[in-house]
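Results of the structural survey
If you want the building blocks of each chain, they are given just below.
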Amino acid sequence: MGLLRTFGILKGSRQKMKMSFRLLNFRLERAIARHEVREIEQRHTQDGLREREAAAALTNSEDDLVIIYNRVRFVKNVTEWREMKPAFYHGHVSFLDFTKFGVKRKPIYINLIRDPIERLVSYYYFLRFGDDYRPGLRRRKQGDKKTFDECVSAGGSDCAPEKLWLQIPFFCGHYSECWNVGSQWALEQAKYNLVNEYMLVGVTEELEDFVMMLEAALPRFFRGATELYKTGKKSHLRRTSEKKPPTKESIAKLQQSAIWKMENDFYEFALEQFQFVRAHAVREKDGELYLLAQNFFYEKIYPKN
């Protein structure tokens, strides 16, 4: 019995020693892992500094050029990814002020806007019937046969005036106030950004002139775009299917809202600015546009502080 008790005590001690060793080993491995993580973070920081220094050397190079069509989210990747310059980014993201992140040479912003009611009508039918770009894709409201006019008459949410509040916040930016429907501050900020931060903002109703002006101002990116727009089969990649024009009654009802008045104010402001740029910066001859004042576009790209 004494030997068995002693053996049991020794066995228990060995088990405790094994558990202690495992715990010690776990703690050691965790400490090593933490150390490796810190080393990786330090290397990333050092690599980032080296990349920024290398990017600074390209400041005066014509390859150090980025054009944005409102999709950028990651400032560092966009501005310091040397292998991907010159670059063109596009998508649905509200205006982002790159100077807040220490970027010295801001990218070029361009955009295209639309009459607010026409945009809403098109989006309403797009959610139900899609477009000719991916006709087989099932849309979120597929199966809903209610027309836009019927929606307006019934006071539906998909055609409510609040749905018009879109172009103002996108130009306003990432401030929370930008997305407060009906904010006067957001409207003024959107106008300020359009004039001071965007090289060119066109309107869909004058799309061909917009393309011609881009080709004249940025031939490296848009050379041949005007001819492609005029003769190409894919000048309009997407057309909403089954879209029915709204009645005058539906339009009049939407135009009674304060939100429409603000969005339309911004649209008219953008249209006036576009026509001003077209009149003062380019001249049309034999169907082609020529720059009249390169300094005009330069100041638009890099506005004075």
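Look above for the structure.
Reading the values: the criteria
Residues numbered from 1 in each chain as written. Predicted model: local features only at pLDDT ≥ 70, side-chain atom pairs only at ≥ 80, totals over all residues. Heavy atoms only, no water. Core = buried A, V, L, I, M, F, W, Y, C linked by side-chain atoms within 4.5 Å. Buried < 20%, exposed > 50% of the residue type's maximum accessible area, 1.4 Å probe, protein only. Helix = DSSP H or I, 4+ residues; strand = E, 2+ residues; numbered from the N terminus. Domains from an automatic or database assignment. Contact = heavy atoms within 4.5 Å. Expected span 1.5 Å × (residues − 1). Phe/Tyr/Trp six-rings, centres within 6.5 Å; stacked < 30°, edge-to-face > 60°.

So, the nonpolar core
Membership of the largest hydrophobic core comes to 39 residues, with the highest contact counts inside it found for Phe98, Tyr109, Ile113, Phe148, Ile168, Phe171 and Phe266. Counting only elements with at least two residues in this core, the list comes to strand E1 (66-69), strand E3 (108-113), helix H3 (116-129), helix H4 (148-154), helix H5 (167-172), helix H6 (184-197), strand E4 (198-203) and helix H11 (258-281). Looking at this core element by element, the count peaks at seven residues for H11. Both domains that furnish three or more residues to this core are identified here as domain 2 (63-107) and domain 3 (108-304). When residues no more than four places from it in sequence are discounted, the contact partners of Ile113 are Gln167, Phe171, Val201, Gly202, Val203, Thr204, Phe266, Tyr267 and Ala270. Counting residues in hydrophobic clusters, the runner-up holds 20 residues, among them Ile110, Leu207, Val277 and Ala281.

Notes on H3
The end-to-end C-alpha distance of H3, which contains 14 residues, comes to 20 Å, matching closely the 20 Å that a straight helix rising 1.5 Å per residue would cover. Among the 14 residues in H3, ten count as buried, and that is most of the element. Listed as buried for H3 are Pro116, Ile117, Arg119, Leu120, Val121, Ser122, Tyr124, Tyr125, Leu127 and Arg128. Buried residues belonging to H3 abut H4, H5, helix H10 (248-255) and H11. Looking one or two residues past H3, Gly130 carries a phi angle of roughly 70°, positive in sign.

Focus on the packing of aromatic side chains
The geometry of an aromatic ring pair is captured by the separation of the ring centres together with the interplanar angle, meaning the angle of the planes. Evaluation of the coordinates by the stated rule reveals 13 aromatic pairs. The interplanar angle of 45° and the centroid separation of 6.4 Å between the aromatic rings of Phe88 and Phe221 together place this pair among those described as tilted. With a gap of 133 residues between them, Phe88 in strand E2 (residues 87-90) and Phe221 in helix H8 (residues 219-222) connect regions that are remote in the sequence. Classification of Phe221 by relative accessible area gives partly exposed; the value is 24%. Taken together, the aromatic side chains of Phe95, Tyr109, Phe171, Tyr198 and Phe266 make up a single cluster linked through ring pairs.

Looking at the environment of Ile68
One can find Ile68 in strand E1. Expressed as a C-alpha distance, the spacing of Ile68 and Ile108, which sit 40 residues apart in the sequence, is 5.9 Å. Among residues more than four places away in sequence, those in contact with Ile68 are Tyr89, Phe98, Pro107, Ile108, Tyr109 and Ile110.

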